[in-house]
Amino acid sequence: MAKINENYLKLPKNYLFAEIGKRVTKFQSENPNAKIIRLGIGDVTQPLPKVCIDAMAAAVAEMGNAETFRGYGPEQGYNFLREKIADWNYKRRGIEISADEIFISDGSKCDCGNIQEIFSLDSKIAIFNPVYPVYLDSNIMAGRTEIIYLPCTAENNFNPAPPRENVDLIYICSPNNPTGTTLDKAALKSWIDYAKENDAVILYDSAYAAYITDENIPRSIYEVDGAKDVAIEFRSFSKTAGFTGTRCGYVVIPENLYGKTSSGEKIPLKNLWLRRQTTKFNGTAYIVQRGAAAIYSDEGQAQIKNIIGYYMTNAKIILDGLKSAGLTAYGGINAPYIWLKTPNNISSWNFFDELLNKFHIVGTPGAGFGSCGENYFRLTAFGNRENIFEAMERLKSLKPNS
Ligand code: PLP
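Worth saying up front: this structure is predicted, and the values here are computed from it rather than measured.

Parameters and conventions
- Numbering of residues starts from 1 in every chain and runs along the sequence as written.
- Restriction of local features to residues with pLDDT of at least 70 applies here, the model being predicted, together with a cutoff of 80 or more for giving and counting side-chain atom pairs; totals for whole chains, interfaces and linings are based on all residues.
- Only hydrogens and water are removed before side-chain values are computed, so all heavy atoms of the structure are retained for them.
- Numbering of helices and strands runs from the N terminus; a helix is a DSSP stretch of H or I covering at least four residues, while a strand is a stretch of E covering at least two.
- Radius of gyration here uses only the C-alpha atoms, and the compact-globule reference equals 2.2 Å multiplied by the residue count raised to the power 0.38.
- Under the convention used here, a 1.4 Å probe and the Shrake-Rupley method define accessible areas, while residue burial counts only the protein chains that appear.
- The positive count covers Lys and Arg only, the negative count covers Asp and Glu only, and His and the chain ends enter neither.
- To locate a charge, take atom NZ for lysine, CZ for arginine, CG for aspartate or CD for glutamate.
- Between the N-to-C directions of two axes lies an angle of 0 to 180 degrees, each axis being a line fitted to C-alpha atoms and, for a helix, fitted only over the stretch in contact.
- When an angle is under 35 degrees it counts as roughly parallel; over 145 it counts as roughly antiparallel; between 65 and 115 it counts as roughly perpendicular; any other value is oblique.
- For any pair of crossing helices, the crossing counts as left-handed if the nearer helix is rotated counterclockwise from the farther one by less than a right angle, and right-handed if it is rotated clockwise.
- Two residues qualify as a contact provided that any one of their heavy atoms is within 4.5 Å of a heavy atom in the partner residue.
- For this classification, Asp, Glu, Lys and Arg are treated as charged, while Ala, Val, Leu, Ile, Met, Phe, Trp, Tyr, Cys and Pro are nonpolar and the rest, including Gly, are polar.
- Using a grid of 1 Å spacing that covers the protein atoms alone, one calls a set of points a cavity when a 1.4 Å probe fits there but cannot get out, and a pocket when the set is open and has protein on both sides within 12 Å along at least five of seven lines; lining residues are those with an atom within 4 Å of a point.
- Grid points are joined across faces, edges and corners, and a volume is the space filled by probe spheres set on the points.
- Note on classification: 1.4 Å probe, protein chains only; a residue is buried when its accessible area is under 20% of the maximum for its type, exposed when over 50%, partly exposed between these limits.
- The criterion for strand pairing is that DSSP finds at least two bridges linking the strands in question.
- Definition of nearness: a residue and a molecule or strand are near each other if at least one heavy atom of the residue lies within 4 Å of the molecule or strand.
- Pairs of N or O atoms are called polar contacts if they sit within 3.5 Å, as long as, within protein, a hydrogen donor faces a hydrogen acceptor (for residues adjacent in sequence, only side-chain-to-side-chain pairs).
- A molecule is said to be in a cavity or pocket once over half of its atoms fall within 2 Å of that pocket's grid points.

### Re the overall build of the protein
Counting its regular elements, the protein contains twelve helices and 15 strands. Rg of the C-alpha trace for the protein: 22 Å, near the compact-globule value of 21 Å for 402 residues, within the 12% margin. Taking the principal axes of the C-alpha coordinates as reference, the protein spans close to 65 × 55 × 55 Å. Roughly 18100 Å² of accessible area belongs to the protein as shown, and the carbon and sulfur atoms make up 51% of that amount. Side chains of the protein give 44 positive and 44 negative charges; the mean places of these two sets differ by 4 Å.

### What to know about the packing of helix α1 (residues 16-30) against helix α11 (residues 348-359)
Running from N to C, α1 and α11 cross one another at 30°; their axes reach a closest spacing of 11 Å. Taken together, the axis directions place α1 and α11 in an arrangement best described as roughly parallel. Handedness of the α1/α11 crossing: right-handed. Contact with α1, carried on its side by Leu16, Glu19, Ile20, Arg23, Val24 and Phe27, involves Trp349, Phe352, Asp353, Leu356 and Asn357 of α11 and no other residues of that element. For the contact of α1 with α11, the residue count by class is seven nonpolar, one polar and three charged.

### Considering the layout of surface pockets
Gaps left between atoms are located by rolling a probe of water-molecule size over the structure's atoms. If you add up the space inside the largest pocket, you get close to 1300 Å³. Elements with a contribution of two residues or more to the lining of the largest pocket: α1, α4 (108-114), β3 (125-129), α5 (134-142) and α7 (238-241). Of the residues assigned to the lining of the largest pocket, the class counts are 24 nonpolar, 17 polar and seven charged.

### A short note on the pairing of strand β2 (residues 102-105)
Neither face of β2 is left uncovered, since the one carrying Ile102 and Ile104 and the one carrying Phe103 and Ser105 both have all their residues buried. Across four bridges, the pairing between β2 and strand β8 (residues 249-252) is antiparallel. Paired with isoleucine 104 across the two strands is tyrosine 250, which belongs to β8.

### Regarding the sheet that holds strand β11 (residues 329-331)
The four strands lie next to each other as β11-β12-β15-β14, forming an open sheet whose pairing is antiparallel. One side of each edge strand has no neighbouring strand; the edge strands of this open sheet are β11 and β14 (364-365). Pairing geometry for β11 and strand β12 (residues 337-341), over three bridges, is antiparallel. Paired with glycine 331 across the two strands is isoleucine 338, which belongs to β12.

### Thoughts on the site of the ligand
Taken together, 14 residues lie near the ligand, and Ser108, Asp205, Tyr208, Ser236 and Ser238 sit nearest. In this structure, an oxygen atom belonging to the ligand sits 2.7 Å away from a side-chain N or O atom of tyrosine 208. Between the ligand and serine 238, the relevant distance is 2.5 Å, taken from an oxygen atom to a side-chain nitrogen or oxygen of the residue. A total of 400 Å² of accessible area belongs to the ligand in isolation, and the protein chains cover 91% of it. Counting atoms within 2 Å of the grid points, the majority share of the ligand lands in the largest pocket.

### Considering empty space enclosed by the protein
The final tally for this structure, using the stated rule, is two cavities of 30 Å³ or more. Estimates place the volume of the largest cavity at around 50 Å³. Every residue along the wall of the largest cavity is listed here: Val44, Gln46, Pro47, Tyr211, Lys239, Thr240, Ala241, Gly242, Ile307, Ile308 and Tyr311. Of all elements in the fold, only α7 and α10 (298-324) reach the threshold of two or more residues within the lining of the largest cavity. Its residues assigned to classes, the lining of the largest cavity shows seven nonpolar, three polar and one charged. Approximately 40 Å³ is the volume attributed to the second largest cavity. What lines the second largest cavity is Phe128, Cys152, Phe158, Cys173, Ser174, Asn176, Thr179, Thr181, Thr182 and Leu183. Counted by class, the lining of the second largest cavity contains five nonpolar, five polar and no charged residues.

### Topic: the environment of isoleucine 147
Relative to the assigned elements, isoleucine 147 resides in strand β4 (residues 147-151). Between the C-alpha atoms of isoleucine 147 and threonine 313, which are 166 residues apart in sequence, the distance is 38 Å. Non-local contacts of isoleucine 147, meaning those with residues more than four positions away in its chain, are made with Ile125, Ile127, Leu136 and Ile140.

### Focus: the side chain of asparagine 375
As for its position among the elements, asparagine 375 is in the loop between β14 and β15 (376-380). One polar contact links the side chain of asparagine 375 to the main-chain carbonyl oxygen of isoleucine 346, over a distance of 3.1 Å. Dropping the residues within four chain positions of it, asparagine 375 is found in contact with Leu340, Lys341, Thr342, Asn345, Ile346, Ser347 and Ser348.

Take a look at the structure:
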C-alpha cells in the first residue's frame with residue numbers, strides 16, 4: 001500500500017463551513033417558514049462587469065476561427081494582460097513593476113498555497129491569527145513545523161508588531177480576511193524593516209485591494225519604500241471584478257528579490273517561481289485573460305467601481321446597523337468584511353446560534369479563523385441590499401447589555 005503524506009493528518013479539522021451548513025439545515029428543517037438571511041459567504045453575488053462579458057465573448061469568437069484560435073498560452077500569462085496590470089495597478093500609482101515581474105494564474109488561492117514550495121522546508125513562518133486558512137494549511141501540508149502566530153485583536157488594533165525572534169517568511173493580508181482591517185504605510189514599513197534585518201520575505205496578499213476607500217492606505221505593498229527588496233505580492237480578479245467562478249489572479253515577484261541556498265548563494269525568487277509554474281501550471285485560459293484585461297479601461301474601471309460601491313454601501317449599512325444595535329464592530333470601510341465583537345463576550349459559536357435562532361441571520365464564527373478569532377464574528381457585505389436592510393432591522397431588538 002502506498003504511504004501517505006502524514007502531514008495531511010496534522011491539518012486542523014476544516015469543519016467551519018460544514019458545521020455552519022449543518023446547523024443552518026437543522027434550523028431550517030425545524031423552522032420551515034423562517035426566512036434565513038445569509039451574511040456569512042465570502043463570495044460575490046453581482047454579475048460580471050459588461051466589459052468582461054464583451055471581451056470574453058469576442059475571445060470565444062476568436063477561438064472558433066482557425067486564424068485566431070489559441071492553444072497553450074505562456075504559463076506566466078499573456079503579455080497583453082501583464083502589461084495592462086503593470087500600467088494600471090502599478091505605474092499609474094507611481095510604482096515601477098515590469099510586465100515580466102507579473103505571473104498570471106487562475107486565482108490567488110493557488111498562488112498563496114503554492115508559493116511556499118520555492119522556500120526551504122526548514123523555513124520559520126509568521127502568520128497572523130485569525131487568518132485566511134490557506135497560508136497555514138499549505139505550510140502544514142509541506143511539513144513545516146516552526147510557525148509563529150501573531151495575535152490580531154482589538155487590543156493591538158489588529159496590527160501585531162513583528163516578532164522578537166527571526167522568521168523567514170511572513171504572511172500579511174491587507175485588507176484582511178476575516179477582520180476587514182488594513183495596515184497603513186507605517187505598519188508595513190515596520191515589517192519591511194524587519195524583513196531586511198532578518199533576511200525574511202514578506203508574502204503580501206492584497207486580494208481585497210480594490211475595496212480600499214481611504215487614500216492613505218496602500219493598495220500595494222510596493223507603495224512603501226524598500227518593499228521591492230523583500231516582498232512578493234498576490235492579487236486577484238475574484239473580488240475586484242467578480243471572477244470568483246471565472247478564475248484569474250496574479251503574483252508579483254520583483255526582479256531583485258532573492259533567496260539563498262544553504263551555501264549562501266543568492267538566487268532570484270522570480271526564476272524559481274517561473275520554473276515552478278512552467279513545470280506545474282499550463283496557463284490561465286485565453287478567454288479569461290481577455291476578460292480580466294477588459295477592466296483596464298476607463299469604462300472597465302467605472303464598472304468595477306460601481307459593483308464594489310454596491311458592496312461597500314452594504315458594508316456601511318451593516319456597520320451602522322451593528323453600531324445602533326449597541327455592538328462593537330471593526331472593518332467594513334476598506335474591506336467587504338465586518339468583524340464584530342460578540343456581545344457580553346459570549347463565544348463566537350454561541351453568538352452564531354443566537355443570531356440564527358432569534359434573528360434568522362447566518363454569519364461566520366470568528367473562532368473558525370484561529371484562536372484569536374474567539375469572541376468575534378464575521379459578516380460579509382456581498383449579499384443583496386434588501387436582505388441587508390432586513391437583517392439590520394431584525395437586529396434592532398438585539399439588546400447586548402440586557
Ligand atoms: N486571499 C484571501 C485573503 C481571500 O479571502 C481569498 C478568497 O476568499 C483569496 C485569497 C482567494 O482568491 P481567489 O478567488 O483569487 O483564489
